[in-house]
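Spelled out, the chains give:
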Amino acid sequence: MSLAARARMRPVLYPAAILVAFVLNLLVETGVSPYAAGRPLIVALLVGILVVWLAAFATADRDRAGLLGVILMVMVLAAGNRTSVVLSLLAFSLIAVQPLLRRRSGPSAARARDWLPIATRLLTIGSVILLVAVGIKAVQLGRVETFAQDLVAESPLRPRPVAASAGSTGAPNMFFILLDGYPRADKLRSEFGIDNSGFITDLRARDFVVAEHSRSNQVKTELTLAQMFNYRSATEITRANRPRRVDINDGAFFADLHRLGYRTVAVSPAFETVALRRADVFLDTGQLNEFEWAVAGMTGLSVFADAVVPDLGADAHRARILDALEAAERQAQSLGAGREFIFVHVVAPHAPQVFAADGHPNDLPGFNLPYSDPGEIARFGFEEYVRRLQGQLQFLNDRTIRLVDSVVAADPRAVVVVFSDHGSGAPSRESGEIYPYADLHTANLLAVRSPGKAGIIDDRSTLANLLPRLLRKYMDTGPSEVPETIYVWADKPNDSFVFLRPD
Ligand SMILES: [Zn+2]
């Protein structure tokens, strides 16, 4: 092959660069961990290279292959937009059939071919500019430092501490089960007519103290966790410059745990804002994470899934919940005498309700799942929503009790906390209540099993002093109490307020 011929067949890289820039831009905008974007970046790179390579085979022309590749990508990325798809199809056909025209009409078409190398050069420069622009945006948003810290702190290769032996000095294993959005029992009865007393009785039978009038201090998962792990009052947790997930992961509580010789283990909820990726052991069960869903939703995958595999979304959500429970079960069974803090975040009973009471799948077609209670009520009507909620609660109750039994069987001295980060997000039916339905939304689940130690929680506890009290009671060291303020974030700072609880 001559040098010129080899140059002609050199692969065109700008389609891959554009795809990678697309994913990187989303990473910078959302501020999730770079590790959450690892798989999409690899896929973008491979797809960009593969598409051009295939097109080069078909056309025997690198410039044409690049153009075909980039047009194909536009079609996939804009699959939801009919005009873009039609325009891309037109352009695709024109470029694809041009070699045939050239063969027929000779010199005039040969001239037309001259613009192809220029197009390649321009698009290559354009793709480099795109990558640089994403880099500038990363600097402007202050992401560079955070991402660099993430790459080190969350590296799969980083050294991990070994849990210190508990000995006889206290420092028990601590097993936290976060059931996202689990409503308080009295609200389940008054708002939805659901009797959940069996679960509460089961917990009490296992030496749990259950706060019948507990409250979350926040109505958003990331605010609840940022507050808990930093021992702060609700009003102190304000919008920070850095991503909330960093506040959560670098919380003072984890520094205290490490100081006390604990090893931290976290089971991923797939929601990246609240994922404890900096835990000593971060267990990701492998399904698409929140970032990957967002990328997939922006591509033709959502359209394809709706047409061909309508249960893809619900199946993945179910698998995430089941695998989290399985991973937790394995952690429970292998609990040793060392000091471990295990945090299992189950994204249920939060909407969407995907399990029936017996664990069978609920019918829920569509790639875009209703991730909010109002969304689910709008889709199914209130009565069906309640039926689904009741089923999923029953399923979760059974699995939670089973998990608790495994923990206690492995280590009877373990502290076990079963709680929710906030209550139901459904519109309250109580008269006079308006969005964001603070009374219902902050009525959460809080149950604590604390062998040998009383007074960790009382009937009206919030989450604010749970961790400080556990540390002080068991380890004789820990931060002082913070005010148990309840702050209701209502999407905008001006609409948000401190909530005065009625009970
Ligand atoms: Zn939540």
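Everything numeric here is computed off the predicted structure, so don't read it as measured data.

Draft legend 1. Representation of the overall build of the chain within the structure. Within the chain, the regular secondary structure consists of 20 helices and nine strands. Along the longest, intermediate and shortest principal axes, the C-alpha atoms of the chain span 90 × 50 × 45 Å. By residue count, 43% of the 503 residues in the chain fall in the buried class. Taking the contacts inside the chain whose residues are at least 6 apart along the sequence as the reference set, 71% of them involve residues at least 24 apart.

Draft legend 2. Just the pairing of strand β9 (residues 492-498), in detail. The element β9 is largely exposed, with a buried count of zero among its seven residues. Following strand β8 (residues 487-490), the chain reverses through one residue before pairing antiparallel with β9; Asp491 in that reversal takes a positive phi of roughly 75°.

Draft legend 3. The packing of helix α3 (residues 38-59) against helix α4 (residues 62-77), seen in detail. Direction vectors running N to C along α3 and α4 enclose 130°, while the axes themselves pass 8 Å from each other. Between α3 and α4, the angle falls in the class oblique. The handedness of the crossing between α3 and α4 comes out as right-handed. Every residue of α4 that contacts α3 at Val51, Val52, Ala55, Ala56 and Thr59 is listed here: Arg62, Arg64, Ala65, Gly66, Leu68, Gly69, Leu72 and Met73. For the contact of α3 with α4, a count of residues per class yields eight nonpolar, three polar and two charged.

Draft legend 4. Region of the structure containing the nonpolar core. In terms of nonpolar packing, the biggest core is built from 91 residues, with Ile177, Leu179, Val344, Val346 and Val418 touching the most fellow members. The element contributing the most residues to this core is helix α18 (residues 382-410), with eight residues. Sequence-distant contacts of Val346, that is, excluding residues within four places in its chain, are made with Ile177, Leu178, Leu179, Asp180, Ile321, Ala324 and Leu325.

Draft legend 5. Here's a closer look at helix α14 (residues 290-298). Among all positions of α14, only Phe291, Glu292, Trp293 and Val295 are buried. Residues of α14 that are buried sit in contact with α2 (14-30) and α3.

Draft legend 6. Up close: the environment of Glu290. Examined against the element boundaries, Glu290 turns out to sit in helix α14. Glu290 sits in the partly exposed class, given 17 other C-beta atoms within 10 Å. Sequence separation of Glu290 and Leu471 is 181 residues, and the distance between their C-alpha atoms is 33 Å. Contacts of Glu290, omitting those with residues within four sequence positions, involve Ala270, Phe271 and Glu272.

Draft legend 7. Quick look at the domain arrangement of the chain. Segmenting the chain into domains produces domain 1 (3-152) and domain 2 (159-498). For domain 1 and domain 2, the distance between their C-alpha centres works out to 41 Å. In this complex, domain 1 contributes 17 residues to the contact, which on the side of domain 2 involves 15 residues. At the level of secondary structure, the elements contributing two or more residues to the side of domain 1 that touches domain 2 comprise α2, α3 and α4. Classifying every residue of the side of domain 1 that touches domain 2 by side-chain character gives ten nonpolar, six polar and one charged.

Draft legend 8. Region of the structure containing unusual backbone geometry. Backbone torsion omega between Ala348 and Pro349 reads 10°, so that peptide bond is classified as cis. Locating Pro349 in the fold gives a position in the loop between β5 (340-346) and α17 (373-380). The omega torsion of the bond from Ala351 to Pro352 falls at 5°, within 30 degrees of zero and hence cis. You will see that Tyr437, though not glycine, has its phi angle at about 50°, which is positive. In this fold, Tyr437 is placed in the loop between β6 (415-419) and α19 (438-441). Phi is positive for Asp491, which is not a glycine, with a value near 75°. Mapped onto the secondary structure, Asp491 falls in the loop between β8 and β9.

Draft legend 9. Quick look at the environment of Phe497. Looking at the element boundaries, Phe497 is found in strand β9. Exposure remark for Phe497: the 13 C-beta atoms within 10 Å place this residue in the partly exposed category. Note: C-alpha distance between Phe497 and Thr235 (262 residues apart in sequence) is 9.2 Å.

Draft legend 10. The sheet that holds strand β1 (residues 174-179), seen in detail. Pairing within the open sheet is mixed, and its seven strands lie in the order β2-β7-β6-β1-β5-β3-β4. Strand pairing shows two members of the sheet lacking a second neighbour, β2 (209-210) and β4 (281-283), which therefore form its edges.

Draft legend 11. Expanded view of the pairing of β5. Summarising burial for β5: seven of the seven residues are buried, a large majority. Sheet analysis places β1 next to β5, joined by six bridges and oriented parallel. From the neighbouring strand, Leu179 faces β5, where its bridge partner is Val346. Pairing of strand β3 (residues 263-267) with β5, which is carried by five bridges, proceeds in the parallel orientation. When the sheet's bridge partners are listed, Ala266 is paired in β5 with Phe343.

Draft legend 12. Quick look at the environment of Phe367. With respect to the helices and strands, the residue Phe367 is situated in the loop between β5 and α17. Distance in space between the C-alpha atoms of Phe367 and Phe304 is 9.2 Å, their sequence separation being 63 residues.

Draft legend 13. Region of the structure containing the packing of α4 against helix α7 (residues 115-140). Where α4 contacts α7, the axes come no closer than 8 Å and their chain directions differ by 55°. On the basis of their axis angle, the class for α4 and α7 is oblique. As α4 packs across α7, the resulting crossing turns out to be left-handed. Judged by residue contacts, Asp63, Arg64, Gly66, Leu67 and Val70 of α4 engage Leu116, Pro117, Ala119, Thr120 and Leu123 from α7. Looking at the contact of α4 with α7 residue by residue, the class counts come to six nonpolar, two polar and two charged.

Draft legend 14. Inspection of α4 at higher detail. With 16 residues, α4 ought to run about 22 Å at 1.5 Å a step, and its terminal C-alpha atoms sit 22 Å apart, in line with that. If you check which residues of α4 are buried, you get Arg62, Asp63, Arg64, Ala65, Gly66, Leu67, Leu68, Gly69, Val70, Ile71 and Met73.

Conventions used here
- Residues numbered from 1 in each chain as written.
- Predicted model: local features only at pLDDT ≥ 70, side-chain atom pairs only at ≥ 80, totals over all residues.
- Helix = DSSP H or I, 4+ residues; strand = E, 2+ residues; numbered from the N terminus.
- Buried ≥ 20, exposed ≤ 12 C-beta atoms within 10 Å, placed from the backbone.
- Contact = placed C-beta atoms within 7 Å.
- Pairing = 2+ DSSP bridges.
- Axes fitted to C-alpha atoms, helices over the stretch in contact; angles between N-to-C directions.
- Parallel < 35°, antiparallel > 145°, perpendicular 65-115°, else oblique.
- Left-handed = near helix turned anticlockwise from the far one by under 90°.
- Nonpolar A, V, L, I, M, F, W, Y, C, P; charged D, E, K, R; others polar.
- Core = buried A, V, L, I, M, F, W, Y, C linked by C-beta atoms within 7 Å.
- Domains from an automatic or database assignment.
- Expected span 1.5 Å × (residues − 1).

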